[in-house]
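Chain residues, written in single-letter form:
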Amino acid sequence: MSDQTRLSVFKTYKLYVGGKFPRSESGRVYEVTDSKGKWLANAPLSSRKDARDAVVAARKAFGGWAGATAYNRGQILYRVAEMLEGRKGQFVHEVAHAEGLSKNKAAVIVDAAIDRWVWYAGWTDKIAQVVGGANPVAGPYFNLSTPEPTGVVTVVAPQDSSFLGLVSVIAPVIATGNTAVVIASEKSPLPALSLGEVLATSDLPGGVVNILSGKAAEMGPHLAAHQDVNAIDLTGADTDLARDLEIAAADNLKRVLRPRTEDFAESPGTDRMTAFLETKTVWHPTGSLGASGSSY
């Protein structure tokens, strides 16, 4: 059969919430076009109810994910990189259309995004050694500080970096044991929705990452004010929206990562991981050993 007689099989993009692929409960979609205005697909236009469902899924998954060993989280993040490597051609195609790039330039971005997953996979069991440790105190005590995940983090993904920027804001959140509700780039959501398909087949527990497409200005205020969201990353929000979301986030003292000028191609460092970590400090009395009174 020749290609000319085949019917095109268009992909139906769906949300990724709780490890499943629902359509928006509102039934709404919006047209996604490439850099030249050519139609690519219809993406779900998420509603306030979708955002609430995503928070419920993220909270349900938090205990198990935060309680997993750092080594296990690293294995799972590395598995994500493996799955992305196997589907690299699809992401090159989607990134090229989303960002108006040549195939070669899109391939460079996708390679960098895969490497970024590997970077954070390696940090899962090392970040505690960097930001935690034993504190010198005057007295017969051990004083130990250890990092712990903040909880459920809302992430407003970058608008113009549909894949590398997306990975750069999701991976550090979950590498440290948090769960995420992600608002994908409104104009270029397809790489994010396809990433959900990868996460679903990479041993990542359902609900650890939840991906919504649609308008950040519609979902953002509800998520910023949500009492069961612990932190918010405003990277993809414009100036006015970021201000409004930061004000709403203050109601329950959410951690807030403000927007800043970033080159996602550069080495990311550790600041995105530490932005969503709490420090737990434990005091423990030392004891005496034997008649000499030596202590441990």
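Reading the values: the criteria
- Residues numbered from 1 in each chain as written.
- Predicted model: local features only at pLDDT ≥ 70, side-chain atom pairs only at ≥ 80, totals over all residues.
- Heavy atoms only, no water.
- Pairing = 2+ DSSP bridges.
- Helix = DSSP H or I, 4+ residues; strand = E, 2+ residues; numbered from the N terminus.
- 1 Å grid on protein atoms, 1.4 Å probe; cavity = no way out; pocket = protein on both sides within 12 Å on 5 of 7 lines; lining within 4 Å.
- Points joined across faces, edges and corners; volume = space filled by probe spheres on them.
- Nonpolar A, V, L, I, M, F, W, Y, C, P; charged D, E, K, R; others polar.
- Salt bridge = Lys/Arg side-chain N within 4 Å of Asp/Glu carboxyl O.
- Phe/Tyr/Trp six-rings, centres within 6.5 Å; stacked < 30°, edge-to-face > 60°.
- Buried < 20%, exposed > 50% of the residue type's maximum accessible area, 1.4 Å probe, protein only.
- Contact = heavy atoms within 4.5 Å.

**Student:** Would you mind going over the pairing of strand S1 (residues 29-33) in detail, with residue names and values included?
**Tutor:** Direction of pairing for S1 relative to strand S2 (residues 39-44): antiparallel, over a ladder of 5 bridges. Residue Val29 lies in a different strand from S2, and its bridge partner there is Pro44. Hairpin connection, S1 to S2: the antiparallel pair is bridged by 5 residues, and Gly37 has positive phi, about 90°.

**Student:** Talk me through the layout of surface pockets; I want residue IDs and the actual numbers.
**Tutor:** The calculated volume of the largest pocket comes to roughly 360 Å³. Lining the largest pocket are 20 residues; nearest its centre among them are Tyr13, Leu40, Ala41, His93 and Leu190. Taken together, the elements giving at least two residues each to the lining of the largest pocket come down to S1, S2, helix H3 (88-99) and helix H7 (190-200). Looking at the lining of the largest pocket residue by residue, the class counts come to 11 nonpolar, 5 polar and 4 charged. As a volume, the second largest pocket reaches approximately 220 Å³. Lining the second largest pocket we find 16 residues, and of these Arg73, Pro147, Glu148, Pro149 and Thr176 sit closest to its centre. Put simply, the parts of the chain that give the lining of the second largest pocket at least two residues each are helix H1 (48-67), helix H2 (70-86), helix H5 (127-131) and strand S4 (141-149). It is S4 that provides the largest number of residues to the lining of the second largest pocket, a total of 3 residues.

**Student:** A description of the pattern of salt bridges should follow, citing residues and the corresponding values.
**Tutor:** Any two side chains of opposite charge can pair, given that their charged atoms come close. Tallied over the entire structure, the rule returns 20 salt bridges. One salt bridge connects Lys11 with Glu197, and the closest N-O pair in it is separated by 2.9 Å. In this pair, Lys11 is assigned in the segment before S1 and Glu197 in helix H7, connecting sequence segments 186 residues apart. One salt bridge connects Asp125 with Lys126, and the closest N-O pair in it is separated by 3.1 Å. Salt bridges sharing common partners tie together Asp233, Arg260, Glu262, Asp271 and Arg272.

**Student:** Run through the environment of Phe142, naming residues and quoting values.
**Tutor:** Here Phe142 is to be found in strand S4. Placed 141 residues apart in sequence, Phe142 and Trp283 show a C-alpha to C-alpha distance of 5.6 Å.

**Student:** Hey, could you go over the packing of aromatic side chains for me, with residue numbers and the actual values?
**Tutor:** One pair of aromatic rings is described through two measures. These are the centre distance and the angle between the planes. Scanning all chains against the criterion turns up 5 aromatic pairs. Between Phe10 and Trp39, the ring centres sit 5.8 Å apart and the planes meet at 75°, which makes this aromatic pair edge-to-face. Note that Phe10 is positioned in the segment before S1 and Trp39 in strand S2, a separation of 29 residues in sequence. Here the aromatic rings of Trp119 and Trp123 are separated by 6.1 Å at their centres, their planes lie at 55°, and the arrangement is tilted. Of the two residues, Trp119 and Trp123 both sit in helix H4 (residues 103-123), 4 residues apart, roughly one turn of that helix. Given a relative accessible area of 31%, Trp119 falls into the partly exposed group. With relative accessibility at 19%, the residue Trp123 sits in the buried group.

**Student:** Please set out the environment of Ala224 residue by residue, giving values where relevant.
**Tutor:** Here Ala224 is to be found in helix H8 (residues 216-225). Expressed as a C-alpha distance, the spacing of Ala224 and Ala121, which sit 103 residues apart in the sequence, is 28 Å. Contact partners of Ala224, with chain neighbours within four places excluded, come to Ile232, Leu245, Ala248, Ala249 and Lys254.

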